[in-house]
Amino acid sequence: MNDYDANGKKIGHSSPSFLGGMNHYDNNGHKVGESRPGFFGGLNHYDDKGHKRGHSNPGFLGGFNHYG
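Residues numbered from 1 in each chain as written. Predicted model: local features only at pLDDT ≥ 70, side-chain atom pairs only at ≥ 80, totals over all residues. Heavy atoms only, no water.

## Quick word on the packing of aromatic side chains
Summed over the entire model, instances satisfying the criterion amount to zero aromatic pairs. Its end group placed over the ring of Y46, R36 keeps NZ or CZ at 3.8 Å from the ring centre. (Phe/Tyr/Trp six-rings, centres within 6.5 Å; stacked < 30°, edge-to-face > 60°. Lys NZ or Arg CZ within 6 Å of the ring centre and 35° of its normal.)

What follows is the structure, encoded as structure tokens:
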């Protein structure tokens, strides 16, 4: 999956991780973070050092709500 900024410029890509989450990489292929399934059905987001930086929960009308 390709990742883009708000202006439509490609800034990296994401690929599935071994345990069901996603690893995130910049345009140079360096890992910049990961997302893993959370306990209540959302996703927890981590930086490249494994520190939690936020989470996303399913929204009431679909999609996700993101918190940092």
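And the narrative resumes.
## Considerations on the pairing of strand β6 (residues 52-58)
Where strand β5 (residues 43-47) and β6 come together, four bridges link them in antiparallel fashion. Opposite N44, over in β6, you have H55 as the bridge partner. Once β5 ends, the chain turns through four residues before running back antiparallel as β6, passing G50 with a positive phi of about 90 degrees. As defined by bridge partners, β6 adjoins strand β7 (residues 64-67) across four bridges and the pair is classed as antiparallel. (Pairing = 2+ DSSP bridges. Helix = DSSP H or I, 4+ residues; strand = E, 2+ residues; numbered from the N terminus.)

## Comments concerning the pairing of strand β4 (residues 31-37)
Two strands pair when backbone bridges link them, and strand β3 (residues 22-26) and β4 are joined in this way by four bridges, in the antiparallel orientation. Paired with M22 across the strands is S35, a residue of β4. Connecting the antiparallel pair β3 and β4 is a turn made up of four residues, with G29 showing a positive phi of about 85 degrees. As paired elements, β4 and β5 share five bridges and run antiparallel to each other. In the sheet register, P37 faces β5, and the bridge partner there is L43. What sits between the antiparallel neighbours β4 and β5 is a turn of five residues, in which G41 has the positive phi angle 95 degrees.

## A word on the environment of G12
Its location among the elements puts G12 in strand β2 (residues 10-16). In sequence terms G12 and K31 are 19 residues apart; their C-alpha atoms lie 9.5 Å from each other. Among residues more than four places away in sequence, those in contact with G12 are N2, D3, Y25, D26 and N27. (Contact = heavy atoms within 4.5 Å.)

## Focus on the pattern of salt bridges
Summed over all chains, the structure comprises four salt bridges. Salt bridges sharing common partners tie together K31, E34 and R36. (Salt bridge = Lys/Arg side-chain N within 4 Å of Asp/Glu carboxyl O.)

## Some details on the side chain of N23
Tracing the chain through its elements places N23 in strand β3. Judged by its relative accessible area of 12%, N23 falls in the buried class. Of note is the side chain of N23, whose polar atom sits 3.3 Å from the side chain of K31. If sequence neighbours within four positions are ignored, N23 has contacts with H13, S14, S15, P16, S17, K31, G33 and E34. (Buried < 20%, exposed > 50% of the residue type's maximum accessible area, 1.4 Å probe, protein only. Polar contact = N/O pair within 3.5 Å; in protein donor to acceptor, adjacent residues only side chain to side chain.)

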